[in-house]
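Chain residues, written in single-letter form:
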Amino acid sequence: MTSQLKNLLVASLLCGSALLAHGQELKIGYVNLDRVLRDASPAKAAQAKLESEFTRREKDLSDTATRLKSATERFEKDAPTLGESERSRRQRDLVEQDRELQRKRREFQEDLNQRKNEELAAVLDRAQRVVKQIFDQEKYDLILQEAVFFSPRVDITDKVIKAMNGGSGK
């Protein structure tokens, strides 16, 4: 049994116990976090910010790779007519250029991943604050972010997205 399923089962049992003990209706909500991260304005703004930050570097890497490929093709074409020392020198140059390109690609990917994580953390923090606000204002007993099954009746994802987009959230 997965831990997610166990958590859901425990939550269900607790909710059922609370209902029986208090004789009142339990108010439960569900938030589809993937949709929030895809559709909310702050998430879209974060994606656009990342694209604008990294597009030029990505293009520079692509241009460098194209130049290296052309130089490699030129070398392969010229290799039979080159002297041994010139062939070795050009081959070493190409290997060094390829190493440098691979290093720059790794740095680019690490920088991109770090910035993605920073932007994602900011959007997630805002989403959590909005969910907490809805929880408090509308007096929910439980709001889930992961569920195996849920009714559209308890889905508050649109409210969260509206609130994050600056709407009323209702």
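In short, a report on the structure. Small disclaimer: the values here were computed from a predicted structure and weren't measured.

Let us now look at the packing of helix α3 (residues 41-78) against helix α4 (residues 84-137). Their axes nearest at 10 Å, the elements α3 and α4 cross at an angle of 170 degrees. Our classification of the angle between α3 and α4 gives roughly antiparallel. Its residues assigned to classes, the contact of α3 with α4 comprises 15 nonpolar, four polar and 17 charged.

The next subject is the packing of α4 against helix α5 (residues 157-164). Axis separation between α4 and α5 bottoms out at 10 Å; the angle between their running directions is 115 degrees. Our pair here, α4 against α5, has a crossing hand that is right-handed. Residues Val 123, Arg 126, Ala 127, Val 130, Val 131 and Ile 134 of α4 touch α5, and the partners they reach there are Lys 159, Val 160, Ala 163 and Met 164. The class makeup of the residues in the contact of α4 with α5 is eight nonpolar, no polar and two charged.

Rules of the game
- Residues numbered from 1 in each chain as written.
- Predicted model: local features only at pLDDT ≥ 70, side-chain atom pairs only at ≥ 80, totals over all residues.
- Heavy atoms only, no water.
- Axes fitted to C-alpha atoms, helices over the stretch in contact; angles between N-to-C directions.
- Helix = DSSP H or I, 4+ residues; strand = E, 2+ residues; numbered from the N terminus.
- Parallel < 35°, antiparallel > 145°, perpendicular 65-115°, else oblique.
- Nonpolar A, V, L, I, M, F, W, Y, C, P; charged D, E, K, R; others polar.
- Left-handed = near helix turned anticlockwise from the far one by under 90°.
- Contact = heavy atoms within 4.5 Å.

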